Amino acid sequence: VDRPLFGAVSWTLGNGLRVVLAENKRAPVAAHYLYVSAGAGEDPAGKSGVAHFLEHMMFKGSPNVPSGAFSRTVSGEGGQDNAFTSRDVTAYFQIVEATRLPLMMRMEADRLGGAIIPQAEFDPERNVVLEERRSRTDSVPQGRFREAFDAAMWGPQHWRGRPLIGWEPEIRAITRDDLAAFHAAHYTPANCVLIVAGDVREADLRRWADEFYGPVPRRPVSPRNRPNPPAAAPEARLVRRDPAVREASFLRSFAAPSATWGTTAMADPLEVVAHVLGGGPGSRLHAALVESGLATGAGASYDGDTLGVGSLTVFATPRPGTTQEQIEQVMAAQLARLLQEGVSEAETRRAVRQQTVGALLALDGLGAAPRMIGGSLAIGLPLEDVEHWPARMAAVTAAQATEAARHVLAAPGPATAGWLLPA
Amino acid sequence: MSGTLFGVTLPVRRGFSVPIQLVEWNGITAWLVEDRNLPVVSLAWAWGGGAALDPEGREGRAGMAAALLSEGAGDLRANAFSDSLRDAGIGLGFGAGRDGFEGSFRSAVDALPEALAPRPPRHDRAASWTPMRSDRVKARAVRGARQAQETPPGLARQAFWERPFPGHPPGRLATPESLAAVTVEELRAGLAEQLRQGGVMLTAAGDIDPAGLRAAMAQLFEGLPAGRAARRAAAARHGPLRHRPAGKGGRAVHPALRPGRPGARGCRLGSLPGRLRILAGGGFTSRLTKTVREERGLTYGIGAGLDLLFGRAIVAGHVRPTTPRWRGVALVREGWASMAAEGRPRPRWRRRWPSWAAPCPCSSPTAAAPPRCCWAAAGRARAEWLAGAATASRR
């Protein structure tokens, strides 16, 4: 567990762009990811959805690459490309035959330097974004509920309470200038991380990075100011009835330290806590709710690799005939047991083993290295955090896990419980 | 191909092939992609049958049996079994499709003896299933069937298969009622009918040699009855599909549309995958993406691909329209019609072919990918097709 996971090398260009190479020679293929350290969490107040809308418009041309030509070129060369926006990052990627990597770098550097955001394509693309929102959220009961739940817990205008894609009225209000301003503020080389994984030599990548990304001018980086969470949840309890829902579901979420916020040393122990509590069959909630026949599913999750406050969530889907009270009582009893008894050494070792034993499988493909490394570097964590993640987890003790659980479950802070029920 | 694009000189591609060995054990032939770069082994195997063997009124039986196999084996309780696999980093799963029953596992090579020996992912341990365990799996399956009816795509999928195949296996989908009716005895009977040594297709990739694979095959299949599962039903002709809303209004504010057409036999696909990719497949560059999404903003996602059913291809498309009277339908029809009128792809389109003609090694070079790709290719291509320039060798 002491060996670095990917053995990646890293350096920084003169304009501030961080470059990382995770060499992998299994096939003559290269994955090329550009992470921008700005996501929906940086959306301006009252303009939720800007980061995501800009991600769409980044495919509409740059000074030397006409609108649509980027994806056509990738497809024509037999590759794949796409992009994604999270709260913390916006990332663009291509997977191509390795000899086409310089071509990808040329095109990506061009749009990093200057996106055109053509006005003529702005309104049709806004319709696409609105369609995306309808298909992912508005027409999916769980999507509607999850959006309302986040707003109830953090507030509809807090960066954690806003939907990544944006509130519909705010998407409609976004202007081209909003996107251009976001690009100018955040799409600067020093605010980006370039990650290449695959059959690529370091000397070649250094040369290509200098040639293609080196000329992109250095610009000042806008600070990321994530407000702290509210002292308490605006709504501590949310019950939604929905005519489309056929199966009820329950969620309960607590604000928690993350790898970048609060007592950051609790982030790894909280991974253990979530696993002990609800990490699949063998977990406490599975035994108490699923094995007992009260629920068809139950579990827990921890969102800690994030910039700013994190969260610990427990959930359950009751079986027909099980009451809401039964689910909440059993859930509360399990949380009380965690507070009182803490986490045992055996549970801690099991959780660590099960979470890290598959680390080797992360090397069995090109996607894991860029996603793990990019996601961490883009929120300010060091490369070593990813490379030595299994060793870090192995060092977690039962006492640390118990302390972290008590800190989250007993401390005052935003917490919300919610039911999605058939109408 | 070489040339210059955006000022970048494109060198000649390096070329790539996947050497495939044919490994035999007791009449079963496996495809093996030996790859020593990483100490990981991946196996995938399948039988014909699956949901097509579900009796009338018991739709979903094969899927439930697969879920039970994934939960446990031997005398171990489900939790203990799951824990033992996760402790060793072994990924194991079974699944039932419309016309096949599949199993797979992936593990570090160090864990292979553990994966196969003391707690084998065997599929003949149905005798240990208890009513309580099957009841739990059934409740989960019923929940899944009910949740599938909560969204427009779920409703559209149901209509897509039920309407053109009424009464035929692909048109008989699992419902909460049919799942609830399945008993433990019926699950056991279904597996006894399904799991035979005959007709097994198996692929393997990773850090394993032919001898090791033979040993694994013996662990997996020794003791299964000889012979094949009942003959699969011949595919009924896919009836005409018209644009009909599948939802019933209410909160289904965003209906889904699945256009479909019967296709060629799997082994005679010819240029069809290429034509589909140009029309509606793969990323942001298809014609329908351009006309429906990019130019008019009428949808977020639109695409089409080939679905295999009983050895035949079905062209299945999907789009999520804004309203039941969605004006994009005409554009979709125009796209299909123009593509049909043009016939075979023009030479300039062939430049795009690498992306679909050899997708396995280039798009996802993982130990898991070759088994999946080989399985997808099974029955419609020879090993040499996947191997590229290399010749498959029998070991």
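### Things to note about the overall build of chain B
Per the secondary structure count, chain B includes 15 helices and twelve strands. Evaluated residue by residue, chain B yields a buried proportion of 50% over its 395 residues. Within chain B, counting contacts between residues at least 6 apart in sequence, those at least 24 apart form 78% of the total. About 17600 Å² of surface is accessible on chain B, with carbon and sulfur atoms providing 52% of the total.

### With respect to helix α10 (residues 284-291) of chain A
The α-helix winds at 3.6 residues per turn, so residues separated by three or four positions along the chain end up facing the same way. Residue and element names in this part refer to chain A. Counting buried positions along α10 gives seven out of eight residues, so the element sits mostly inside the fold. If you check which residues of α10 are buried, you get R284, L285, H286, A288, L289, V290 and E291. One or two residues past the end of α10 sits G293, with phi positive at roughly 90°.

### Overview of the interface of chain A and chain B
With 75 residues of chain A at the interface, the matching set in chain B holds 65 residues. Approximately 6200 Å² of surface area, both sides summed, lies buried where chain A meets chain B, with 54% of it carried by carbon and sulfur atoms. Residues A:D364 and B:R106 are paired through a salt bridge, measuring 2.5 Å at the closest nitrogen-oxygen approach. Connecting chain A to chain B are 23 residue pairs in polar contact (both at pLDDT 80 or more).

### Re the side chain of A:R126
With respect to the element layout, A:R126 can be found in helix α4 (residues 122-138). Leaving out residues up to four positions away in the same chain, A:R126 has contacts with A:F53, A:I171, A:R172, A:A173 and A:I174.

### Quick notes on the pairing of strand β1 (residues 9-12) of chain A
Residues and elements named next belong to chain A. Pairing of β1 with strand β2 (residues 18-23), which is carried by four bridges, proceeds in the antiparallel orientation. Across the sheet, the residue bridging to T12 is R18, located in β2. Linkage of β1 to β2, two consecutive antiparallel strands, is achieved through a turn of five residues, within which G16 is found at a positive phi near 100°.

### Let's talk about the pattern of salt bridges
This model, assessed by the stated rule, comprises 49 salt bridges over all chains. Note that B:R293 is salt-bridged to A:E125, the shortest N-O span being 3.4 Å. A residue pair is termed interchain when its members come from two chains, as with B:R293 in helix α10 (residues 287-294) and A:E125 in helix α4. With respect to burial, B:R293 and A:E125 carry one shared label: buried. Several salt bridges share partner residues, and in doing so they unite A:K60, A:E121, A:E125, B:R293 and B:E294 into one network.

### What to know about the pairing of strand β10 (residues 310-318) of chain A
A regular strand places its side chains so that they alternate between the two faces of the sheet. All names here are of chain A. The buried fraction of β10 amounts to eight of the nine residues, a majority that puts the element mostly inside the structure. Examined bridge by bridge, strand β8 (residues 249-256) and β10 share seven bridges and lie antiparallel to one another. When the bridges of β10 are listed, A256 appears paired with G310. Between the end of strand β9 (residues 295-303) and the start of β10, which pair antiparallel, lie six residues, with G308 showing a positive phi angle near 100°.

### A word on the sheet that holds β1(A)
All names here are of chain A. Spatial ordering of the open sheet is given by β1-β2-β6-β3-β5-β4, a layout of six strands whose pairing is mixed. For this open sheet the edge positions go to β1 and β4 (80-85), each flanked by a neighbour on one side alone. Here the strands of the sheet are splayed against their neighbours by 15° on average, with no regard to which way each runs. Here strand β3 (residues 29-36) runs beside strand β5 (residues 90-97); their pairing, made up of eight bridges, is antiparallel. Of the residues in β5, the one forming a bridge with H32 is Q94.

### Concerning the confidence of the model for chain B
Residue and element names in this part refer to chain B. Counting all residues, the mean pLDDT for chain B is 75, and 69% of those residues have values of 70 or more. Between residues 245-255, whose pLDDT stays under 50, and residues either more than four places distant or in other chains, the model counts 28 contacts. With a pTM of 0.89, the predicted complex shows an ipTM of 0.84.

### A few points about the environment of B:A215
Residue and element names in this part refer to chain B. By the element assignment, A215 lies in helix α8 (residues 210-221). For A215, a relative accessible area of 43% gives the class partly exposed. Distance from A215 to L116, taken between C-alpha atoms, is 9.4 Å for residues 99 residues apart in sequence.

### A look at the packing of aromatic side chains
Residue and element names in this part refer to chain B. Using the criterion set out here, one finds 16 aromatic pairs over all chains in the structure. Considering the side-chain rings of F160 and W161, the 5.1 Å spacing of their centres and the 85° angle between planes classify their relative orientation as edge-to-face. Residue class for F160 comes out buried when judged on its relative accessible area of 2%. On the basis of relative accessibility, which here comes to 1%, the residue W161 falls in the buried class.

### Here we look at the nonpolar core
Residues and elements named next belong to chain A. Core analysis: the biggest nonpolar cluster contains 54 residues, and M105, L179, L205 and Y213 have the highest contact counts within it. Broken down by element, the residue count for this core peaks at seven residues, all from helix α3 (residues 101-113). If near-sequence neighbours (up to four positions away) are discounted, M105 is found in contact with H32, L194, L205, W208, A209, F212 and Y213.

### Things to note about α10(B)
Three or more residues of α10(B) are buried, namely B:L288, B:T289, B:V292 and B:R293. For α10(B), the angular spread of the buried residues around the axis is 95°, confining them to a single face. Next to the buried residues of α10(B) lie α1 (50-57) and α4 of chain A together with α9 (272-280), β10 (302-309) and α11 (328-342) of chain B.

Reading the values: rules and limits
- Each residue is numbered by its place in its chain's sequence as written, counting from 1.
- Key to labels: chains lettered from A, ligands numbered from 1, both in the order written.
- Local features are withheld for residues below a pLDDT of 70 in this predicted model, meaning they are given only at 70 or higher, and side-chain atom pairs are given and counted only at 80 or more; totals for whole chains, interfaces and linings count all residues.
- As a rule here, side-chain values cover all heavy atoms of the structure and leave hydrogens and water aside.
- Numbering of helices and strands runs from the N terminus, with a helix taken as a DSSP run of H or I at least four residues long and a strand as a DSSP run of E at least two residues long.
- Think of it in three bands: residues with accessible area under 20% of the maximum for their type are buried, residues over 50% are exposed, and the middle band is partly exposed, with areas taken using a 1.4 Å probe on protein chains only.
- Whether two residues touch is decided by their heavy atoms; if any such pair falls within 4.5 Å, the residues are in contact.
- In short, Shrake-Rupley with a 1.4 Å probe defines the accessible areas, and a residue's cover is counted only from the protein chains shown.
- What counts as buried area is the accessible surface, traced by a 1.4 Å probe, that two parts surrender upon association, with contributions from both included.
- By definition here, a salt bridge exists when the distance from a side-chain nitrogen of Lys or Arg to a carboxyl oxygen of Asp or Glu is within 4 Å.
- Polar contact is the term for a pair of N or O atoms within 3.5 Å; when the atoms are in protein, one must be able to donate a hydrogen and the other to accept it, and sequence-neighboring residues count only if both atoms are side-chain atoms.
- Here, strands pair whenever DSSP counts at least two bridges between them.
- The axes are straight lines fitted to the C-alpha atoms, using for helices just the contacting stretch, and the angles between their N-to-C directions are given from 0 to 180°.
- Per-residue confidence from the predictor is reported as pLDDT, which spans 0 to 100.
- Working definition: rings of Phe, Tyr and Trp (its six-membered ring) pair if their centres are within 6.5 Å, and the pair is stacked with planes under 30 degrees apart, edge-to-face with planes over 60 apart, and tilted otherwise.
- As used in this record, nonpolar core signifies buried Ala, Val, Leu, Ile, Met, Phe, Trp, Tyr and Cys residues forming a set joined through side-chain atoms within 4.5 Å.
- Starting at the helix axis, one direction is taken to each C-beta atom, and the arc is that of these directions.

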